[in-house]
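The primary structure of each chain is shown beneath.
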Amino acid sequence: MSQRPKAVLLFQRRREFDDGVIMEMKIWQVPEPVPPTNHGFKYSLSYGSGGERLIGYDNERGKGDHKHLSDGEVPYVFTTIERSIADFLDDVSFARGES
């Protein structure tokens, strides 16, 4: 009897800013796409404080790729992991008044 392949953690970073806000990024390679996505990644890119998510990019079963901003949740067009990280970091920089 063979075991089902598991997700493999490819990338994980955590940064706590001087003002207490935390940015955390986790990316897994998954054996099968998370429906309704068609890519082989599961990801969670989050920026927040005190249990409140201020910015988030993720994909979850039934919802697919999307991002969370202060004014709600919107679909996100995933192209590559590198592009998703860059987009997320751009949103974080904007929120921090750095761009």
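Here the structure is a predicted model, which is why all the values come from computation and not from measurement.

S.K.: Can you break down helix H1 (residues 81-95) residue by residue, with the values?
M.R.: Between its first and last C-alpha, H1 extends 21 Å over 15 residues, near the 21 Å set by a 1.5 Å rise per residue. The elements touched by buried residues of H1 are strand S1 (8-16), strand S2 (22-29), strand S3 (41-49) and strand S4 (52-60). Just downstream of H1 lies Gly-97, where phi reads positive at about 75°.

S.K.: I'd like a rundown of the pattern of salt bridges, residues and numbers included.
M.R.: Counted according to the given criterion, the structure contains eight salt bridges. Between Lys-63 and Glu-73 there is a salt bridge, with the nearest N and O atoms lying 3.2 Å from each other. Of this pair, Lys-63 sits in the loop between S4 and strand S5 (64-69) while Glu-73 sits in strand S6 (residues 72-75), placing them 10 residues apart in sequence. Salt-bridge contacts for Glu-98 lead to Arg-96; the nearest nitrogen and oxygen are separated by 3.5 Å. Owing to a relative accessible area of 54%, Glu-98 belongs among the exposed residues under this scheme.

S.K.: So what's going on with the sheet that holds S1? Residues and values would help.
M.R.: The strand order across the open sheet formed by six strands is S1-S2-S3-S4-S5-S6, and the pairing between neighbours is antiparallel. Either end of the sheet is taken by a strand with one partner, and the two such strands are S1 and S6. The average undirected angle you get between the axes of adjacent strands in this sheet is 10°.

S.K.: Help me get a handle on the pairing of S6, residues and values and all.
M.R.: Bridge count between S5 and S6: four bridges; the pairing is antiparallel. Across the sheet, residue Leu-69 finds its bridge partner in S6, namely Gly-72. Where S5 folds back onto S6 in an antiparallel hairpin, the turn is made up of two residues.

S.K.: Could you give me a rundown of the nonpolar core, with the residues and numbers involved?
M.R.: Core analysis: the largest hydrophobic core is formed by 16 residues, its most contacted members being Met-23, Tyr-43, Leu-45, Tyr-47, Tyr-57, Phe-88 and Val-92. Among the elements of the structure, S2, S3, S4 and H1 are those that each provide at least two residues to this core. Look past the residues within four positions of Leu-45 in its chain and what remains in contact with it is Glu-24, Met-25, Lys-26, Ile-27, Ile-55, Gly-56, Tyr-57, Ser-84, Ile-85 and Phe-88.

Conventions used here
Residues numbered from 1 in each chain as written. Predicted model: local features only at pLDDT ≥ 70, side-chain atom pairs only at ≥ 80, totals over all residues. Heavy atoms only, no water. Helix = DSSP H or I, 4+ residues; strand = E, 2+ residues; numbered from the N terminus. Expected span 1.5 Å × (residues − 1). Contact = heavy atoms within 4.5 Å. Salt bridge = Lys/Arg side-chain N within 4 Å of Asp/Glu carboxyl O. Buried < 20%, exposed > 50% of the residue type's maximum accessible area, 1.4 Å probe, protein only. Pairing = 2+ DSSP bridges. Axes fitted to C-alpha atoms, helices over the stretch in contact; angles between N-to-C directions. Core = buried A, V, L, I, M, F, W, Y, C linked by side-chain atoms within 4.5 Å.

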